Amino acid sequence: MSSFSALKILPSHPIAGEYRRHSTPFHAAPASRLLRSSGANYLSSTSSVTAAGRPVRVLSANVVSNEKQIGSALAAITSKEALDLYEDMVLGRSFEDMCAQMYYRGKMFGFVHLYNGQEAVSTGFIRLLTARDTVVSTYRDHVHALSKGVPARAVMAELFGKATGCCRGQGGSMHMFSREHNLIGGFAFIGEGIPVATGAAFSSKYRREVLKENCDDVTIAFFGDGTCNNGQFFECLNMAALWKLPIVFVVENNLWAIGMSHFRATSDPEIWKKGPPFGIPGVHVDGMDVLKVREVAKDAVARARRGDGPTLVECETYRFRGHSLADPDELRNPDEKARYSSRDPIATLKKYVLEHNLVSESELKAIDKKIDELVEEAVEFADSSPAPPRSQLLENVFADPKGFGIGPDGKYRCEDPGFTQGTAQV
Amino acid sequence: MLSFAGRKVLCGKFSASVLGKAFERIPRATYPSTRNYSSSLKEMTVRDALNTALDEEMSADPKVFLMGEEVGEYQGAYKISKGLLDKYGPERVIDTPITEAGFTGIGVGAAYYGLRPIVEFMTFNFSMQAIDHIINSAAKSNYMSAGQISVPIVFRGPNGAAAGVGAQHSQCYAAWYASCPGLKVLSPYSSEDARGLLKAAIRDPDPVVFLENEILYGESFPVSAEVLDSSFSIPIGKAKIERGGKDVTITAFSKMVGYSLQAAEILAKDGISAEVINLRSIRPLDRATINASVRKTNRLVTVEEGFPQHGVGAEICASVVEESFEYLDAPVERIAGADVPMPYAPNLERLAVPQVEDIVRAAKRACYRLVPKSAAA
């Protein structure tokens, strides 16, 4: 893959319907322009114009780097890998469904953003990573945490605001951290996580080049289509390319930023094309197909690990629920939702692995059962866990609690025996 | 005499700076003319104090690196990083594009992984483009992660009113950052402060906002052998009594410490003995030292360049009212910048920031040597 190449790996059935649906003149450039300006190294590409005269997104299947056919690559997964992918996706789905139930029962509160429908992206990327690799997520972070290996009970307990949560109830739904799993947030503002992720990638390079440590860790930054109109995205594409940082920018393009259609928000809806102008390969992949995502992820992660720099991957996906559990979700067209439901990534994978005799129906059923029990157990654990003690309020504000300053007795307040009992005045 | 020497150093160092022009307008009176020290002490500019502190900490710990605009090849917009690129190379003295949000976030991400970045803002005004990362990504992470992610990072650069650069480039951020839990906010006055506090900030495991002052950069201060020792550092959270006194307490930080010392000198001629407290640390605030002083003098004047409302002075007043109310013999006097964006015209600009005579008048009012404001109104 040359550093200026751009790839497209898309489903065989067009997503062109998205374009057709909108009648505003803004949302898509003529297909010929897309082809000309993309700077892409297409092996095969097709384009068409809809009956309405509305241009369709350039579609090209079966294109990956090194002129490798995607089909042949897909057959290469083992039964074990297939089961791992399936289990992770089912876990993500079941966990989020349970979150909705628990939210409506008042067990969790505030903003809760569910990941249903996008599982192929989290699973496709994160299951390829090592424990040392870093994931930086957004407010829609539960499933990224699960894929990275944070135990479901720790995530659920965090959502319940319990002391046994992965952040002892101090983070919450939008701020999942696990040092052990190298999940470093959980950033609730649009674009905020990207520079921090870029900094994590910078630290890998610094360790290798300045501290002379043996470090080839890779960072993955997940964010959505709405973020790609934010300055921090572009600032970091620039610096990541400039300094050749080991990072993969993964856009989970679910087409909607709350109620703002991607096509109403951005001048050129093809996000993957924003990579090549910075010298970063841009890849467009069907984010409803975990195997395709995984193929792209392999290349992008390997490229970062080799020290060849960042990759921008746009995953075309869809969220099956509203923006958050508080979103009435009235703006999205039912036809659009139905179309994407029919491409449910879990059903797609299931069909594939059964057709290719990679696993048996009973093995999948066993996984479904196992996950059901796991999620039930997570809820029971979270529900029966204690709330954080009063003493916890003042802990962790500073790594060095002398930051609380000096008390009237001239000693550091943190040295007051009542300090973490909730009785000290701060 | 001394002030003249200080000024020469400043101008000499700045001849190449785009901002050099601004300094020609600084009234000479801003340099304290009163300084008593033994001739055995060495002198050092604040600029050199910061430069040597950076140098020594980078030398001591390879995880320490400096990033920001013009810190490398240009040797720093204010020459604070002079010579560091040659010594430590471009991997550790990193010239960034002009993208405050981006590079500040990158610094924070690197700190998550145990590196010790020093992020230089060309001036603190530009930190507003990165304030999300200072507050949300740096200050809150240790708490949100329940102590899993500490953020050992220093955000530093010149803060406060400059000269002749207008409203967007002249502002004090002490109160802004000091209101945020999870941050430590330091503001040095002298070369001793600059060295000791910067070293402490770099070694600290938490995010530190380090507010320098460009007008002080070229000023020389006496420094002892202890201060010059590479192990020197000043504890975060402790104020320094710059000048002892018994009649009135004056609290100040950064450039205003110099003004307050000048005011104290003038007050002494009128028989008023003023105690000048150099806060050094805005957060945590050394309430104990402030209150102990007020309990002794029974009078308080707070001085800062920033805006009055919800300012550092307001917080000090609250602390004294809460802890030492019965000791006060006069209303607290609060000297702050005018409650307006900084004007450009030199005469208006002078009116918009505290002057030595403002401090003198306030102290006299507090000591009932002038009619109090409330009575005059």
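Computed from a predicted structure; not experimentally measured. (Residues numbered from 1 in each chain as written. Chains lettered and ligands numbered in written order. Predicted model: local features only at pLDDT ≥ 70, side-chain atom pairs only at ≥ 80, totals over all residues. Heavy atoms only, no water.)

### Looking at the packing of helix α4 (residues 79-104) of chain A against helix α14 (residues 361-384) of chain A
All names here are of chain A. Packing of α4 against α14 brings their axes to within 9 Å, and their N-to-C directions diverge by 40°. Considering the angle they form, α4 stands oblique to α14. Judged by the twist between their axes, the crossing of α4 over α14 is right-handed. Contacts between α4 and α14 involve Leu-83, Tyr-86, Glu-87, Val-90, Leu-91, Ser-94, Phe-95, Met-98 and Met-102 from the first element and Glu-363, Leu-364, Ile-367, Asp-368, Lys-370, Ile-371, Asp-372, Leu-374, Val-375, Glu-376 and Val-379 from the second. Split into classes, the residues belonging to the contact of α4 with α14 amount to 13 nonpolar, one polar and six charged. (Axes fitted to C-alpha atoms, helices over the stretch in contact; angles between N-to-C directions. Helix = DSSP H or I, 4+ residues; strand = E, 2+ residues; numbered from the N terminus. Parallel < 35°, antiparallel > 145°, perpendicular 65-115°, else oblique. Left-handed = near helix turned anticlockwise from the far one by under 90°. Contact = heavy atoms within 4.5 Å. Nonpolar A, V, L, I, M, F, W, Y, C, P; charged D, E, K, R; others polar.)

### Focus on the sheet that holds strand β4 (residues 116-120) of chain B
All names here are of chain B. Here we have seven strands laid out as an open sheet, ordered β3-β2-β4-β5-β7-β6-β12, and mixed in their pairing. Both edges of this open sheet fall to β3 (93-95) and β12 (281-283), since each of them pairs with a single strand only. Between one strand axis and the next, the sheet turns by 20° as a mean value, whatever way the strands run. Examined bridge by bridge, strand β6 (residues 184-186) and strand β7 (residues 208-212) share three bridges and lie parallel to one another. Bridged to Leu-186 within β7 is Phe-210. On top of the sheet, helix α3 (residues 46-60) reaches β2 (64-68), β3, β4, β5 (154-158) and β7; it is set at about 130° to β2, its chief contact. Strand contacts of helix α5 (residues 100-112): β2, β4 and β5, with the helix running at about 165° to β4, the strand carrying the most contacts. (Pairing = 2+ DSSP bridges.)

### Digging into the confidence of the model for chain A
For residues with low pLDDT, the predicted coordinates do not support detailed interpretation. Per-chain confidence: chain A averages 85 in pLDDT, with 81% of residues scoring 70 or above. Counting interchain partners and residues more than four positions distant, the pLDDT-below-50 stretch residues 11-73 of chain A has 118 contacts. (pLDDT = per-residue confidence, 0-100.)

### A word on empty space enclosed by the protein
Left-over empty space is what a probe sized like a water molecule reveals as it rolls over the atoms. Residues and elements named next belong to chain B. Counting across every chain of the model gives five cavities of 30 Å³ or more. Within this model, the largest cavity holds a volume of roughly 90 Å³. In terms of lining residues, the largest cavity is bounded by 14 residues, among which Ser-170, Gln-171, Glu-305, Phe-307 and Met-342 are the most central. Residues of the lining of the largest cavity, tallied by class, amount to eight nonpolar, five polar and one charged. Counting contributing residues per domain, the lining of the largest cavity is built from domain 1 (45-228) and domain 2 (240-376), each supplying no fewer than three. (1 Å grid on protein atoms, 1.4 Å probe; cavity = no way out; pocket = protein on both sides within 12 Å on 5 of 7 lines; lining within 4 Å. Points joined across faces, edges and corners; volume = space filled by probe spheres on them. Domains from an automatic or database assignment.)

### Some details on the sheet that holds strand β13 (residues 300-303) of chain B
All names here are of chain B. Spatial ordering of the open sheet is given by β9-β11-β10-β13-β14, a layout of five strands whose pairing is mixed. Looking along the sheet, the strands with just one partner apiece sit at the ends: β9 (240-243) and β14 (333-335). Strand-to-strand twist across the sheet, computed as the mean angle between neighbouring axes with direction ignored, equals 25°. Bridging between strand β10 (residues 248-252) and strand β11 (residues 274-278) involves five bridges; their strand directions are parallel. If you follow Thr-251 over to β11, its bridge partner there is Ile-277. Strands in contact with helix α11 (residues 255-269) are β9, β10, β11 and β13; relative to β11, the strand with the most contacts, it is inclined by about 170°. With respect to the sheet, helix α13 (residues 312-324) is in contact with β10, β13 and β14, its orientation differing from that of β13 by roughly 155°.

### Structural notes on the nonpolar core
Counting 147 residues, the largest nonpolar core has Phe-125, Met-156, Phe-202, Val-248 and Phe-249 of chain A together with Tyr-112 and Phe-155 of chain B as the members making the most contacts within it. For this core, the leading source of residues is α4 of chain A, giving twelve residues. Contact partners of Tyr-112 of chain B, with chain neighbours within four places excluded, come to Phe-177, Arg-179, Ile-184, Phe-187 and Val-196 of chain A together with Ser-137, Ser-141, Ile-149, Ser-150 and Val-151 of chain B. In terms of nonpolar packing, the next biggest core, distinct from the first, is built from 61 residues, Met-58, Leu-85, Tyr-88 and Ile-272 of chain B among them. (Core = buried A, V, L, I, M, F, W, Y, C linked by side-chain atoms within 4.5 Å. Buried < 20%, exposed > 50% of the residue type's maximum accessible area, 1.4 Å probe, protein only.)

### Structural notes on the pairing of β13 of chain B
Residue and element names in this part refer to chain B. Where burial is concerned, the two faces of β13 agree: the one with Leu-300 and Thr-302 and the one with Val-301 and Val-303 are both buried. Pairing of β10 with β13 involves three bridges; the strand directions are parallel. Across the sheet, residue Ile-250 finds its bridge partner in β13, namely Val-301. By the bridge criterion, three bridges tie β13 to β14 in an arrangement that is parallel. Each residue of the ladder has a partner; that of Val-301, found in β14, is Glu-333. As for the winding sense of the linkage, the β-α-β connection from β13 through α13 to β14 is right-handed. (Right-handed = clockwise from strand over helix to strand, strands pointing away.)

### Focus: the interface of chain A and chain B
Accessible area lost upon the coming together of the parts is a frequently used measure of interface size. Taken residue by residue, the interface counts 51 residues in chain A and 55 residues in chain B. Each partner contributes to the roughly 4,100 Å² buried at the junction of chain A and chain B, and carbon and sulfur atoms together form 63% of this total. Considering only the side of chain A, the residues that lose the most area to chain B are Arg-179, Tyr-206 and Ile-406 of chain A, jointly responsible for 15% of the buried surface there. Remark: the boundary between chain A and chain B carries one salt bridge. A salt bridge links Asp-400 of chain A to Lys-184 of chain B; the shortest N-O distance between them is 4.0 Å. The interface formed by chain A and chain B includes 24 residue pairs in polar contact (both at pLDDT 80 or more). (Buried area = accessible area lost by both parts, 1.4 Å probe. Salt bridge = Lys/Arg side-chain N within 4 Å of Asp/Glu carboxyl O. Polar contact = N/O pair within 3.5 Å; in protein donor to acceptor, adjacent residues only side chain to side chain.)

### Some words on the packing of aromatic side chains
Applying the stated criterion to the full structure yields 21 aromatic pairs over all chains. Geometrically, the ring pair formed by Tyr-189 of chain B and Phe-221 of chain B is edge-to-face, given 5.0 Å between the ring centres and 75° between the ring planes. Here Phe-221 of chain B lies in strand β8 (residues 220-223) and Tyr-189 of chain B lies in the loop between β6 and α9 (191-203), a separation of 32 residues in the sequence. Given the relative accessible area of 3%, Tyr-189 of chain B is considered buried. Taken together, the ring pairs in this structure connect Phe-103, Phe-121, Phe-124, Phe-155, Tyr-173, Trp-176 and Tyr-177 of chain B into an aromatic cluster. Looking at Arg-153 of chain A, its charged tip hangs above the ring of Phe-381 of chain A, at a distance of 3.9 Å from the centre. (Phe/Tyr/Trp six-rings, centres within 6.5 Å; stacked < 30°, edge-to-face > 60°. Lys NZ or Arg CZ within 6 Å of the ring centre and 35° of its normal.)

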